[in-house]
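# Commentary on secondary and tertiary structure
Here's the letter readout for the chains.
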Amino acid sequence: MAIAKRAHWDSRTAFVLAAIGSAIGLGNIWRFPYICYKYGGGAFLIPYFVALLTAGIPLLILEFAIGHRMASSAPMSFRKISRKSEWLGWFALLVGFGIVCYYAVIMGWAAKYLVHSFTLAWGVDTKTFFFTKMLNLSGGVFEIGKPQAFLVVALFVCWIWIILSTWKGVKTVGKVVYVTVTLPWLMLIVFVIRGVTLPGAMEGIRYYLTPNFKALADPAVWHAAYSQIFFTLTVGFGVMIAYASFLPRKSDIVNNALLIGLANCTTSYVAGFAVFSTLGYYAHVSGTTVANVMKSGPELAFVTYPTIINHLPLPNLFGIFFFLMLLTLGIDSAFSLTESIVAGVRDKFRWNQKATNITVATLAFAVGILFTTSGGLYWLDILDHFMNNFGLFIVALLEAVFVGYIFGADKLRIYANDLSEISVGRWWDFVIRYFVPLVSLVLLGYSLKERILKPYGGYPRLAEFLGGWLVLLIFLIVSVALSMGKKKEV
Ligand code: TRP
């Protein structure tokens, strides 16, 4: 029997760390602090927490429970709910695949900057260094140019690292995460301590957390809170389903979900102190305001931070720490997805673990090469937008509907409660059947409206189509095709 042979985590800690590692990623350090600051400062913690409790944790419970109950990764779990819903499992994995293709490229940048830290090679003009020297960024999305050799090498190294971390599936993952979860946390603590002891730090933190309660009346704030929660917990990518499928039969569900959700969000909150205290310092030394130096995403990590590092005593050391932190934050998110795809393919087609692993990595590496070209950053940006604002919400919506109505929310809740140290009440059924679908629909509708009004990021419509809509369409077709393939029995 397939179930009897299924690999298991070595311990509950291994599973919890792996799930936390998947959730905690670049999003915690370069997305959360910025969003918090932008959408109401300290007041944003309210919608954020509400989103965590009313969508994030309920969906984590759903994914854990369904993965455990079906003892299968996402596609086979959904197939067991209904033959008609299997495609959703593949679609979720493909959306994650889209993300991991560029996520690994970003890790490649971090790897390159880690090496640069030894000599502070980025110099004073960190902006030119990043955009012109390293990315060789072209003038427009259709000026693709050639792949940058060094970035390809860095990407390759990251993929080797991912392959090795998932070599024997969860057996390897369960060991690697002890390092890739604790190490970035230790470095985060170093950055918080370093940050808050710098002049100007308090000014930065004031920017981060001064509450603006009026913001709570703005729907955009709630939109930001819910979309950040989905993304940051890595729900809607089939990862948590696959990870839970490797749990032994007697395993807690509800308490683990709470623990993981809270650990992830605490990390984001703490990361905000590291980011904003150093930004406060930077504003202080350059005689400007925090608002003027605040950036999010790649620009924060690869332009602003290197500049701050230049100003610190022992810059090389802090450079190494910072980029090592980014790498170890990102790696376990990246391999969680790789492992989920491998598990998905294996559960259905019974391929060999190592061969599947190498195939998935090679495919993602090949796609990633596009993002190392001169026009790569534009395509990365478009893909990122479409995966997270459409792909992810589609999965969240349908996942809640399929489980809520076809499998039965009450049935899954009772199953989870029987196993768990703490129980969820009937409110969970309501959340899964009505609330999550409603929120996902609103988020989808909002994203759709935005895209109809104007193309994303001011790119030409054709680029938006090729890098966004077409990708979603291809993913849809491939998922349906894969779901029609015959399941290979052992
Ligand atoms: N949760 C991760 C973060 O906060 C990001 C993430 C979400 C991700 N889904 C993913 C990474 C899929 C790789 C693949 O950074």
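Notes on the structure in this doc start here. Since the structure is predicted, the reported quantities are computational estimates derived from the model, not experimental observations. (Residues numbered from 1 in each chain as written. Predicted model: local features only at pLDDT ≥ 70, side-chain atom pairs only at ≥ 80, totals over all residues. Heavy atoms only, no water.)

### Brief notes about the overall build of the protein
As a reminder of what qualifies: Labels follow the DSSP assignment, with helices taken as runs of H or I lasting at least four residues and strands as runs of E lasting at least two, numbered in each case from the N terminus. It is over C-alpha atoms that the radius of gyration is taken, and the globule rule equals 2.2 Å times the number of residues to the power 0.38. Relative accessibility thresholds used throughout: buried, under 20% of the residue-type maximum; exposed, over 50%; partly exposed, between the two (1.4 Å probe, protein chains only). In what follows, residue pairs with any heavy atoms lying within 4.5 Å of each other are defined as contacts.
When helices and strands are counted, the protein shows 21 helices and zero strands. Relative to its length of 490 residues, the protein is compact, with a C-alpha radius of gyration of 22 Å against a globular reference of 23 Å. Each principal axis of the C-alpha distribution contributes one length, and for the protein these read about 65 × 50 × 50 Å. Every one of the 490 residues in the protein was classed for burial, and the buried ones make up 61%. Across the protein, every contact between residues at least 6 apart in sequence was considered, and the portion connecting residues at least 24 apart equals 85%.

### Focus: the site of the ligand
The criterion, for reference: Near, as used in this document, describes a residue that has one of its heavy atoms within 4 Å of the molecule or strand being considered. Counting of polar contacts relies on pairs of N or O atoms within 3.5 Å, with two restrictions inside protein: one atom must be capable of donating a hydrogen and the other of accepting it, and residues adjacent in sequence are counted only when both atoms are side-chain atoms. Per-residue and other accessible areas follow the Shrake-Rupley method at a 1.4 Å probe size, with only the shown protein chains counted as cover for residues. All amino acids are sorted into three groups, where Ala, Val, Leu, Ile, Met, Phe, Trp, Tyr, Cys and Pro are nonpolar, Asp, Glu, Lys and Arg are charged, and the leftover types, Gly among them, are polar.
Around the ligand, the surrounding shell holds 14 residues, and the nearest of these are Ala 23, Leu 26, Gly 27, Tyr 103 and Thr 234. Asn 28 places a polar side-chain atom, nitrogen or oxygen, 3.3 Å from an oxygen atom of the ligand. Bound to the protein, the ligand loses 100% of the 370 Å² it would expose on its own. Of all elements in the fold, only helix H2 (12-23), helix H3 (26-30), helix H7 (86-117), helix H12 (219-232) and helix H17 (315-349) reach the threshold of two or more residues within the shell around the ligand. Sort the elements by how many residues they give to the shell around the ligand and H3 lands first, with three residues. Looking at side-chain class alone, the shell around the ligand contains seven nonpolar, seven polar and no charged residues.

### Structural notes on the environment of Thr 128
Position of Thr 128 relative to the elements: it lies in helix H8 (residues 126-134). Note: C-alpha distance between Thr 128 and Val 303 (175 residues apart in sequence) is 8.7 Å.

### Overview of a nonpolar patch on the surface
Stated precisely, the cut-off is as follows: The patch calculation keeps residues exceeding 30% relative accessible area without a salt bridge and links them within 9 Å when they carry like charges or within 5 Å when they are nonpolar (Val, Leu, Ile, Met, Phe, Trp, Tyr). Salt bridges are counted wherever a side-chain nitrogen of Lys or Arg sits within 4 Å of a carboxyl oxygen of Asp or Glu.
Together, Tyr 178, Val 179, Leu 183, Leu 186, Ile 189 and Ile 193 make up a nonpolar patch on the protein surface, roughly 530 Å² of accessible area in all. For Tyr 178, the location among the structural elements is in helix H10 (residues 170-196). Exposure remark for Tyr 178: the relative accessible area of 39% places this residue in the partly exposed category.

### Considering helix H6 (residues 74-81)
Two residues of an α-helix separated by three or four positions point the same way, owing to the 3.6 residues in each turn. With seven of eight residues buried, H6 lies mostly within the body of the structure. Turning to H6, its buried residues are Ala 74, Pro 75, Met 76, Ser 77, Phe 78, Arg 79 and Ile 81.

### A few points about the packing of H6 against H7
Helix-helix packing is described using two parameters, namely the angle between the two axes and the distance between the axes. The line we're drawing: An axis is simply a line fitted to the C-alpha atoms; with a helix, the fit covers only the stretch in contact. Between two such axes, the angle follows the N-to-C directions and lies from 0 to 180 degrees. These descriptions rest on fixed angle ranges, namely under 35 degrees for roughly parallel, over 145 for roughly antiparallel, 65 to 115 for roughly perpendicular, and the rest for oblique. The crossing is said to be left-handed when, going from far helix to near helix, the turn is anticlockwise and less than a right angle, and right-handed when the turn is clockwise.
One way to put it is that H6 packs onto H7 with a least axis distance of 6 Å and a crossing angle of 160°. In terms of axis orientation, H6 runs roughly antiparallel to H7. The hand of the H6/H7 crossing is right-handed. Together, Ala 74, Pro 75, Met 76, Phe 78 and Arg 79 of H6 and Glu 86, Leu 88, Gly 89, Trp 90 and Leu 93 of H7 make up the contact between the two elements. Looking at the contact of H6 with H7, its residues break down into seven nonpolar, one polar and two charged.

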